[in-house]
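Structural features, examined
Residue-level listing of the chains:
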Amino acid sequence: MPTDIATDHFSLAGRYYQSRLLVGTGKYKDMDETARAIEASGAEIVTVAVRRTNLGQTPGAPNILDILPPERYTILPNTAGCYDADTAVRTCRLARELLDGHRLVKLEVLGDEKTLFPDVIATLKAAEVLVQNGFQVMVYTNDDPIVARQLEEIGCIAIMPLAAPRSLNLAPNASGPNPSRNSPQLLCHLLNTNPASLRPEVRRLVFIR
């Protein structure tokens, strides 16, 4: 039975949202393009890398909150670029101070700069400290269901497992293009098989974004 878009919503940290799309603020050429792209997306939750984006910690510099007002969007500060638990916790505390007590954060503690794989041990440590300090933690982790259960037991409100190593989506090189993530070529690369051997339903599935 088709889903009624008008009534299709989800709840997060006690608030209801119509859009299930979360978008970031990186990779745009300027603030104007950022604002226009996010508005066009229809997203209601926007994640912001605190260590790379000005939320007010740099007076006089362009402030992302000037184009993404918290009254309109749920700002989701993230700890991108943090490689240890202490730095991630400090980054979340800075975000809470800059956003007038905002408690919702996206925690990521990275273990490898190339693949952006998470450091699971440091992630568990940081998550525990943050939850104890009243944060509502959405957490980036690996695809281990045991770790996911541990994070849930700590009190994280959402578990966000990685989809694929970043290095699997590199630009083409001398040996030919790397398999694109979310593609049949990537699946076949991992399974060491021929794309033609995939069943039609599998080929359709891996194209889903």
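These numbers were taken from a predicted model, which means no experiment stands behind them. (Residues numbered from 1 in each chain as written. Predicted model: local features only at pLDDT ≥ 70, side-chain atom pairs only at ≥ 80, totals over all residues. Heavy atoms only, no water.)

1. Focus on the environment of C92
Following the sequence through the fold, C92 ends up in helix α2 (residues 85-98). Taking relative accessible area as the criterion, C92 reaches 2% and is therefore assigned buried. A C-alpha to C-alpha distance of 9.8 Å links C92 and V137, two positions 45 residues apart in sequence. Ignoring any residue separated from it by four or fewer positions in sequence, one finds C92 in contact with T79, V105, L130 and F135. (Helix = DSSP H or I, 4+ residues; strand = E, 2+ residues; numbered from the N terminus. Buried < 20%, exposed > 50% of the residue type's maximum accessible area, 1.4 Å probe, protein only. Contact = heavy atoms within 4.5 Å.)

2. Details of the environment of N142
You can see N142 is positioned in the loop between β7 (136-141) and α4 (145-154). Apart from the residues within four sequence positions on either side, N142 is in contact with P118, V120, V147, P161 and L162. Of the polar contacts made by the side chain of N142, one reaches the backbone nitrogen of D144; its length is 3.1 Å. (Polar contact = N/O pair within 3.5 Å; in protein donor to acceptor, adjacent residues only side chain to side chain.)

3. A closer look at the confidence of the model for the protein chain
Averaged over all residues, the pLDDT of the protein chain is 81; the fraction at 70 or higher stands at 75%. pLDDT under 50 marks residues 198-209. Its contacts with residues more than four places away, or in other chains, come to 15 contacts. (pLDDT = per-residue confidence, 0-100.)

4. Focus: the nonpolar core
L107, L130 and V137 are the most contacted members of the largest nonpolar core, which totals 19 residues. Contributing elements (two or more residues each) for this core: α2, β6 (104-107), α3 (120-132), β7 and α4. By residue number, the principal contributor to this core is α3, which donates five residues. Residue contacts for L107: discarding those within four places in its chain leaves T79, A88, T123, A126, A127, L130, V137, M138, V139 and Y140. Counting residues in each nonpolar core, the second largest holds 14 residues, with A43, V46, V50 and I64 among its members. (Core = buried A, V, L, I, M, F, W, Y, C linked by side-chain atoms within 4.5 Å.)

5. Points about a positive patch on the surface
On the surface, K27, R51, R52 and R90 cluster together to form a positively charged patch. With respect to the helices, strands and loops of the structure, R90 is situated in helix α2. Taking relative accessible area as the criterion, R90 reaches 52% and is therefore assigned exposed. (Patch = residues over 30% accessible without salt bridge, like charges linked within 9 Å, V, L, I, M, F, W, Y side chains within 5 Å. Areas by Shrake-Rupley, 256 points an atom, 1.4 Å probe, with all protein chains shown as cover. Salt bridge = Lys/Arg side-chain N within 4 Å of Asp/Glu carboxyl O. Lys, Arg positive; Asp, Glu negative; His and termini not counted. Charge placed at Lys NZ, Arg CZ, Asp CG, Glu CD.)

6. Things to note about the packing of α3 against α4
Running from N to C, α3 and α4 cross one another at 15°; their axes reach a closest spacing of 9 Å. Regarding the angle of α3 to α4, the classification is roughly parallel. Along this stretch, α3 crosses α4, giving a crossing that reads as right-handed. Counted together, V120, T123, L124, A127, E128 and V131 of α3 and V147, Q150, L151 and I154 of α4 form the full contact between these two elements. (Axes fitted to C-alpha atoms, helices over the stretch in contact; angles between N-to-C directions. Parallel < 35°, antiparallel > 145°, perpendicular 65-115°, else oblique. Left-handed = near helix turned anticlockwise from the far one by under 90°.)

7. A few points about the pairing of strand β4 (residues 45-49)
For β4, the buried fraction is high: five of the five residues fall into the buried class. Every second residue of β4 is oriented toward a common face, with I45, T47 and A49 on one face and V46 and V48 on the other, all of them buried. Both strand β3 (residues 22-24) and β4 contribute to a ladder of three bridges, which runs parallel. Along β4, the bridge assignment pairs V23 with V46. With respect to chirality, the unit in which β3 leads through helix α1 (residues 31-41) into the neighbouring parallel β4 is right-handed. Pairing geometry for β4 and strand β5 (residues 74-78), over five bridges, is parallel. Each residue of the ladder has a partner; that of T47, found in β5, is L76. (Pairing = 2+ DSSP bridges. Right-handed = clockwise from strand over helix to strand, strands pointing away.)

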